[in-house]
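# Analysis of the macromolecular model
For reference, the chains in residue letters:
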There are 2 protein chains.
Amino acid sequence: MAKDYVVGIDIGGQSSKLGVVDARGEVLAQSVIKANPSADAAVIVKELAQGVIKLVAQAGKHGEIRGIGVGAPNGNYYTGTIAFAPNLPWAAHGSVDFAKMLSQECGGIPVALTNDANAAAMGEMAYGAAKGMKDFIMITLGTGVGSGIVIGGQMVYGSDGFAGELGHTCAVRHNGRLCGCGKHGCLEAYCSAVGVARTAREWLDMNPDEPSLLRDIQNITSKDVYQAAKDGDKMAKRIFDYTGRILGEKLADFVEFSAPEAIVLFGGLARAKEFLYEPTLKAMNENLLPLWKGKVKILFSQLKESDAAILGASALAWEL
Amino acid sequence: MAKDYVVGIDIGGQSSKLGVVDARGEVLAQSVIKANPSADAAVIVKELAQGVIKLVAQAGKHGEIRGIGVGAPNGNYYTGTIAFAPNLPWAAHGSVDFAKMLSQECGGIPVALTNDANAAAMGEMAYGAAKGMKDFIMITLGTGVGSGIVIGGQMVYGSDGFAGELGHTCAVRHNGRLCGCGKHGCLEAYCSAVGVARTAREWLDMNPDEPSLLRDIQNITSKDVYQAAKDGDKMAKRIFDYTGRILGEKLADFVEFSAPEAIVLFGGLARAKEFLYEPTLKAMNENLLPLWKGKVKILFSQLKESDAAILGASALAWEL
């Protein structure tokens, strides 16, 4: 029987998403498995395998699955392991031989694994905004800032499988914010959803006399800042200008590294594109060498957000 | 007849170097052609071709040349052109179809062209400190700062052939020095030979009461700073600490991009390794994510400086 379908699994701290996908990027069936915070790796893998088997049966594609692609925090393409992933209790304190374990539980179907940002880039290349591109950089602006780099049509894994930690390059050198990673001034500390909320809180404190819709909100999130900007709030708009400028400045550095055709932005914060696009593009162009000014595109993901994580992971399985 | 030899040509503003090279990286014969500042591209190419033909005859390898590799400022691997190269009068104001022209003048021997920093990286991978490595970054610390990036054993050219302009990533964001490229704060403005000399002049002015061997020198060069450091001059040593710190901070960014096994430093300024190595390594490690701390090597080129440019260019020809 021809093996014309793949399974994509996106593993997250709250839940994991599974889908059966065809070559055009259609999700034929999907399911969600809630995280089980007290289970160990063996139990987690068994639950996922049962989910896969059930979903494949539901899609009527038993025996037709070419492979399983998995995107997971700290997933390593070379070793197939998930190691020291803070948000996954079963893989937080050591290394889990995930790809091998899952393949065994799924009757030997081959499994490929990478981190979630790389999976997102694979999805965008296979089905989305970067279709047909050989050189692009995907930046995921979510709770954190992740990245997947494609050069000459190949995903960049580097010497150890961990390449593409652009969220932890230095955006603000002096008196930079402390980042969750322990360093100061990382891009992620400014241009993630968490970073935008932090900017809002800092600016409200720093400008006690400036009126803002954000002032009355408890526990401000980046969504609140986006909503306020849509409602015409000046401070909220300035927050996106500032965030876009910091992002654009670093994008210029990345362009000078790998000369991509485009940068693709993805993730919760990328939804604020009407406020983020202009300042980001402007700052990038101002910081580029003349030969690239005005030539490198900034695009936004074209994948349906509900499908994107599954599609990204599934794209990896076509290479198996 | 087996074609077991290649020709390497390094094109520079002052002169061009030619060599016939075997597979082990031995330079069998070499020559130098002085720049002819008033000649046009056709004349320059003819002179080079005559030089190649003469040198091949001298090495006794007529009919045994597999290809010619050329490293040139602004050389583009994809198009084989040299365009808008400020230091080459014959290619300063337009694009020269160099690889094609040279091949025609050399009886059809294939020609591959890239920029000088990429050529240096190719040489280091074929014959030098990066032999056997699949992931490394070469940084050339000369008059300017160039770079050649190798990922998965492949030279990174990017979407347009111009990838690897790491000398023009931003090292100092606020009040950064004006760089020759027109931007402010570029790595090149601090960590090149010119940058080091500039630091010396600025610091002498800023600290008029501090004694220094540098104070009596007219037109300070980076070589003077190196010599002063060797003679125990405290300011000269601090200049290398400062230069190494700025370099190391940016190297951390580059590691977070492509996770190389090593960074290889090359060029005139790299000769000062006894003063540059420690501060550079320290700053790099301080700015790396924990997963890379202490794991990425900083190496210095192992190629004989007189041969390096020819070897680098020649390495490109093995792929023809």
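In this text, all values refer to a predicted model and were calculated from it rather than measured experimentally.

Counting its secondary structure elements, chain A contains 9 helices and 12 strands. The globule rule puts the C-alpha radius of gyration for 320 residues at 20 Å, and the 20 Å found for chain A is close to it. Based on the C-alpha atoms only, the size of chain A along its principal axes is roughly 65 × 45 × 35 Å. Evaluated residue by residue, chain A yields a buried proportion of 58% over its 320 residues. Considering only residue pairs separated by 6 or more positions, chain A has 63% of its internal contacts joining residues 24 or more positions apart. Accessible surface computed for chain A: about 13,400 Å², of which carbon and sulfur atoms make up 51%. A distance of 2 Å separates the average location of the 31 positive side-chain charges in chain A from that of its 34 negative side-chain charges.

All names here are of chain B. Strand order across the open sheet formed by 5 strands is S3-S2-S1-S4-S7, with mixed pairing between neighbours. Looking along the sheet, the strands with just one partner apiece sit at the ends: strand S3 (27-34) and strand S7 (111-114). For this sheet, the mean angle separating the axes of adjacent strands, direction not counted, is 15°. Alignment of strand S1 (residues 5-11) against strand S2 (residues 15-21), held across 6 bridges, turns out to be antiparallel. Looking at S2, one finds that Asp10 is bridged to Lys17. Packing against the sheet, helix H2 (residues 98-105) makes contact with S1, strand S4 (65-71) and S7, and its axis sits at approximately 150° to S7. Contacts from helix H3 (residues 116-127) reach S1, S2, S4 and S7 within the one sheet, and its direction differs from that of S7 by about 115°.

This part takes up the relation of the copies chain A and chain B. If you rotate chain A by 180° and push it 0.0 Å along the axis, it lands on chain B with an RMSD of 0.0 Å. Such a combination of rotation and displacement between the chain copies is what one expects of a two-fold axis. For chain A, the minimum C-alpha distance to the rotation axis belongs to Arg173 of chain A and amounts to 3.8 Å.

A few words on the confidence of the model for chain A. Low-confidence regions, as indicated by low pLDDT, have predicted coordinates that should not be scrutinised in detail. Confidence in the prediction for chain A averages 95 pLDDT; 100% of positions are at 70 or higher. Among the scores for the predicted complex, ipTM is 0.92 and pTM is 0.93.

Here we take up the interface of chain A and chain B. Counting residues at the interface gives 37 residues for chain A, matched by 37 residues for chain B. For the pair chain A and chain B, the two sides together bury roughly 3,000 Å², of which 60% comes from carbon and sulfur. For the interface between chain A and chain B, the tally reads 6 salt bridges. Ionic pairing is found between Glu249 of chain B and Arg173 of chain A, a salt bridge with its closest N-O pair at 3.3 Å. Summed over the shared surface of chain A and chain B, the number is 22 residue pairs in polar contact (both at pLDDT 80 or more). Looking at the side of chain A that touches chain B, the elements with two or more residues in it are strand S9 (145-151) and helix H7 (234-258) of chain A. Counting residues per element, the side of chain A that touches chain B draws most heavily on H7 of chain A, at 7 residues.

Glancing now at the nonpolar core. In terms of nonpolar packing, the biggest core is built from 108 residues, with Ile139 and Met284 of chain A together with Ile139 and Met284 of chain B touching the most fellow members. For Ile139 of chain A, the residues in contact, after removing those within four places along its chain, are Val145, Gly146, Ser147, Leu166, Leu251, Phe254, Ile263, Val264, Leu265 and Phe266 of chain A. Of all hydrophobic cores here, the second largest spans 34 residues; its members include Tyr5, Val7, Val20 and Ala49 of chain B.

This brings us to the side chain of Thr81 of chain B. Residues and elements named next belong to chain B. Note that Thr81 resides in the loop between S4 and strand S5 (82-83). A polar side-chain atom of Thr81 sits 2.6 Å from a polar atom in the side chain of Thr79. Those residues in contact with Thr81 that lie beyond four places of it in its chain are Asn74, Gly75, Asn76, Ser95, Val96, Asp97, Phe98 and Leu113.

The subject of this paragraph is unusual backbone geometry. Of all residues except glycine, most have a negative phi; of all peptide bonds, most are trans. At Asn74 of chain B, a position not held by glycine, the phi torsion is positive, near 60°. By the element assignment, Asn74 of chain B lies in the loop between S4 and S5.

Quick look at the packing of aromatic side chains now. Aromatic ring pairs are reported here in terms of the distance separating the ring centres and the angle at which the planes meet. Taken as a whole, this structure holds 23 aromatic pairs over all chains when the rule is applied. Ring centres of Tyr190 of chain A and Tyr242 of chain A lie 6.5 Å apart, and the angle between their planes is 65°; on these two criteria the pair is classed as edge-to-face. Here Tyr190 of chain A, found in helix H4 (residues 188-191), pairs with Tyr242 of chain A, found in helix H7; they are 52 residues apart in sequence, far enough to count as distant. Taken together, the ring pairs connect Phe254 and Phe257 of chain A together with Phe254 and Phe257 of chain B into an aromatic cluster.

A few words now on the sheet that holds strand S10 (residues 154-155) of chain A. All names here are of chain A. Here we have 5 strands laid out as an open sheet, ordered S10-S9-S8-S11-S12, and mixed in their pairing. Pairing within the sheet leaves two strands with one partner each, and these edge strands are S10 and strand S12 (297-300). Both strand S11 (residues 262-266) and S12 contribute to a ladder of 4 bridges, which runs parallel. For Ile263, the partnering residue across the bridge sits in S12 and is Ile298. Seen against the sheet, H7 touches strand S8 (136-141), S9, S11 and S12 and runs at an angle of roughly 150° to S8.

With that settled, consider the pairing of strand S2 (residues 15-21) of chain A. The buried count for S2 of chain A comes to 5 of 7 residues, which makes it a mostly enclosed element. Counted along the chain from strand S1 (residues 5-11) of chain A to the antiparallel partner S2 of chain A, the turn is 3 residues long.

This next bit is on helix H3 (residues 116-127) of chain A. Because an α-helix packs 3.6 residues into every turn, residues spaced three or four apart end up facing the same way. Residue and element names in this part refer to chain A. A rise of 1.5 Å per residue sets the reference length of H3, with its 12 residues, at 16 Å; its end C-alpha atoms lie 16 Å apart and thus fit the reference within 8%. Counting buried positions over the 12 residues of H3 gives 10, a clear majority of the element. Listed in full, the buried residues belonging to H3 are Ala117, Asn118, Ala119, Ala120, Ala121, Met122, Gly123, Glu124, Met125 and Tyr127. The N-capping residue of H3, defined by a side-chain oxygen 3.0 Å from the backbone nitrogen of Ala117, is Asn115.

Residues and elements named next belong to chain B. Within the secondary structure layout, Asp116 lies in helix H3. For Asp116, a relative accessible area of 36% translates into the label partly exposed. Measuring from C-alpha to C-alpha, the distance between Asp116 and His93 comes to 19 Å, with 23 residues separating the pair along the chain. Apart from residues lying up to four places away in sequence, Asp116 is in contact with Asp10, Gly71, Ala72 and Pro73.

Another point: the pairing of strand S4 (residues 65-71) of chain A. Working note: regular strand, side chains alternate between the two faces of the sheet. Residues and elements named next belong to chain A. Among the 7 residues in S4, 6 count as buried, and that is most of the element. Inspection of the sheet shows S1 paired to S4 by 6 bridges, in the parallel sense. If you follow Gly8 over to S4, its bridge partner there is Gly69. Pairing analysis gives 4 bridges linking S4 to strand S7 (residues 111-114), with the strands arranged parallel. Bridged to Gly69 within S7 is Ala112.

With that out of the way, let us pick up helix H2 (residues 98-105) of chain A. Residue and element names in this part refer to chain A. When we look at burial in H2, the residues that qualify are Phe98, Ala99, Leu102 and Ser103. The buried residues of H2 occupy one face: seen down the axis, they fall within an arc of 125°. Residues of H2 that are exposed and angled more than 90 degrees away from the buried face: Lys100 and Gln104. A positive backbone phi angle near 65° is found at Gly107, which sits one or two residues after H2.

What counts and how
Residues numbered from 1 in each chain as written. Chains lettered and ligands numbered in written order. Predicted model: local features only at pLDDT ≥ 70, side-chain atom pairs only at ≥ 80, totals over all residues. Heavy atoms only, no water. Helix = DSSP H or I, 4+ residues; strand = E, 2+ residues; numbered from the N terminus. Rg over C-alpha atoms; globule rule 2.2 N^0.38 Å. Buried < 20%, exposed > 50% of the residue type's maximum accessible area, 1.4 Å probe, protein only. Contact = heavy atoms within 4.5 Å. Areas by Shrake-Rupley, 256 points an atom, 1.4 Å probe, with all protein chains shown as cover. Lys, Arg positive; Asp, Glu negative; His and termini not counted. Charge placed at Lys NZ, Arg CZ, Asp CG, Glu CD. Pairing = 2+ DSSP bridges. Axes fitted to C-alpha atoms, helices over the stretch in contact; angles between N-to-C directions. Least-squares fit on C-alpha atoms with pLDDT ≥ 70 in both. pLDDT = per-residue confidence, 0-100. Buried area = accessible area lost by both parts, 1.4 Å probe. Salt bridge = Lys/Arg side-chain N within 4 Å of Asp/Glu carboxyl O. Polar contact = N/O pair within 3.5 Å; in protein donor to acceptor, adjacent residues only side chain to side chain. Core = buried A, V, L, I, M, F, W, Y, C linked by side-chain atoms within 4.5 Å. Phe/Tyr/Trp six-rings, centres within 6.5 Å; stacked < 30°, edge-to-face > 60°. Expected span 1.5 Å × (residues − 1). Arc of directions from axis to C-beta.

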